[in-house]
Amino acid sequence: MKKRFMTMLLALTASIGMASAQQLDSMVMRIKGMKCDECGHKVMVRLNERIPDGIEDMWFDYEKRIATVLYDPAKTCPDSIKAPLIGTRYNPTAYSKNDIITRGMGLRMAELKSSADGAKAMAALKGKLGIDSLAPHINKNYLFIRYDANKTCKAEIRKQLVEAGFTPTNYYSSDKVQYAYYKIPGIKDTEATREKLFLIDGVEDFNINEKKQVLAITYFNDEMTVDRLDAIIKKTKF
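Residues numbered from 1 in each chain as written. Predicted model: local features only at pLDDT ≥ 70, side-chain atom pairs only at ≥ 80, totals over all residues. Heavy atoms only, no water.

A. Spatial organisation of the overall build of the protein. When helices and strands are tallied, the protein shows seven helices and eleven strands. Against the compact-globule benchmark of 18 Å for 238 residues, the protein has a radius of gyration of 24 Å, which places it well outside the compact range. The dimensions of the protein, computed from C-alpha atoms along their principal axes, are 75 × 50 × 35 Å. Across the 238 residues in the protein, those meeting the buried criterion constitute 38%. In the protein, of all internal contacts separated by at least 6 residues, the share reaching a separation of at least 24 is 65%. Accessible surface, the protein: about 14200 Å² in total, of which carbon and sulfur atoms supply 53%. The protein carries 38 positive and 30 negative side-chain charges, and their two centres are separated by 3 Å. (Helix = DSSP H or I, 4+ residues; strand = E, 2+ residues; numbered from the N terminus. Rg over C-alpha atoms; globule rule 2.2 N^0.38 Å. Buried < 20%, exposed > 50% of the residue type's maximum accessible area, 1.4 Å probe, protein only. Contact = heavy atoms within 4.5 Å. Areas by Shrake-Rupley, 256 points an atom, 1.4 Å probe, with all protein chains shown as cover. Lys, Arg positive; Asp, Glu negative; His and termini not counted. Charge placed at Lys NZ, Arg CZ, Asp CG, Glu CD.)

Right, dumping it as structure tokens:
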């Protein structure tokens, strides 16, 4: 009898849990002023302060400038969630998967040395879903890409360039940013490798091209010197 009671209790608990999960709704809103983790944190804090109950979770896509909010419709609603943000830098607007969300980015590629290289890079992306325009700058070894973030993303664009034989990292015109390029036999793009690179002071971005066995790095020269970086890379086991 006790075993039967426990079975019934567990079934009831699971049923209540499923019902509770089914009661939650989600909403997506565009927040054009939200560009980074700090912005996302400010949005989250403001909503939690003004709506202390009802919001279960929220997550952000900074590339699309959208926030997804999971909430309990018995305690709050989309209009109430938007209200604390209206009139602020993070003013919310409607979001649709059909929206055109234009973004631009520059990618520095050490392999981009000639007009033939530029043509090769453009061929890797031209006609791909979401790509709007491409502009290679051979003298600075970078490619500027304008794209629709609702149809593609930075990660996919970088992947396509890597497959074409390039090793792209974020490009900056600032004198405080430098680039490094290493040939490392046997290097693998693994979680362990990425973790080691993330821990290096001053490293802003990096990319690994396993096929070419090369590593490209963008770093801040006020936090890291080229000699120190060379020494760290040389002694690191990838």
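So that's the structure; there's more coming.
B. Highlighting the nonpolar core. One finds Leu-125, Leu-143, Ile-145, Ile-157 and Leu-161 to be the most contacted residues of the largest nonpolar core, which totals 18 residues. When contributions to this core are tallied by element, the ones reaching two or more residues are β5 (102–108), α4 (115–125), β6 (131–137), β7 (142–148) and α5 (154–163). Discounting chain neighbours no more than four positions away, the residues touching Ile-145 are Arg-103, Gly-104, Met-105, Leu-107, Leu-125, Ile-131, Ser-133, Leu-134 and Ile-157. The next biggest cluster of nonpolar side chains, apart from the first, holds 16 residues, and it includes Met-29, Val-43, Leu-47 and Ile-51. (Core = buried A, V, L, I, M, F, W, Y, C linked by side-chain atoms within 4.5 Å.)

C. Seen up close, the confidence of the model for the protein. Confidence in the prediction for the protein averages 91 pLDDT; 91% of positions are at 70 or higher. Note on residues 1–16: pLDDT is under 50 here. Beyond four places in sequence and across chains, it has zero contacts. (pLDDT = per-residue confidence, 0-100.)

D. The packing of aromatic side chains, seen in detail. Scanning the entire structure with this criterion turns up four aromatic pairs. The interplanar angle of 20° and the centroid separation of 6.0 Å between the aromatic rings of Phe-60 and Tyr-62 together place this pair among those described as stacked. For Phe-60, a relative accessible area of 22% gives the class partly exposed. Ring geometry for Phe-198 against Phe-206: centres 5.0 Å apart, planes inclined by 65°, an arrangement best described as edge-to-face. What makes Phe-198 exposed here is its relative accessible area of 56%. On the basis of relative accessibility, which here comes to 10%, the residue Phe-206 falls in the buried class. (Phe/Tyr/Trp six-rings, centres within 6.5 Å; stacked < 30°, edge-to-face > 60°.)

E. Quick look at the pairing of strand β2 (residues 55–61). By the bridge criterion, six bridges tie β2 to strand β3 (residues 66–71) in an arrangement that is antiparallel. Opposite Asp-57, over in β3, you have Leu-70 as the bridge partner. Hairpin connection, β2 to β3: the antiparallel pair is bridged by four residues, and Arg-65 has positive phi, about 60°. (Pairing = 2+ DSSP bridges.)

F. Quick look at the sheet that holds strand β1 (residues 25–31). Within the open sheet, the four strands sit side by side as β2-β3-β1-β4. Their pairing is antiparallel. Every interior strand has two partners, whereas the edge strands, β2 and β4 (92–94), have only one. With strand direction ignored, the average angle separating the axes of adjacent strands in the sheet is 35°. When β1 meets β4, the two strands line up antiparallel, connected through three bridges. (Axes fitted to C-alpha atoms, helices over the stretch in contact; angles between N-to-C directions.)

G. A look at unusual backbone geometry. Positive phi, normally seen in glycine, also occurs at Asn-141, with a value near 55°. Checked against the element boundaries, Asn-141 lands in the loop between β6 and β7. If you check the backbone angles, Gln-213 has positive phi at about 60° while not being a glycine. Along the polypeptide, Gln-213 turns up in the loop between β10 (203–209) and β11 (214–220). Residue classification places Gln-213 among the buried positions, given a relative accessible area of 18%.

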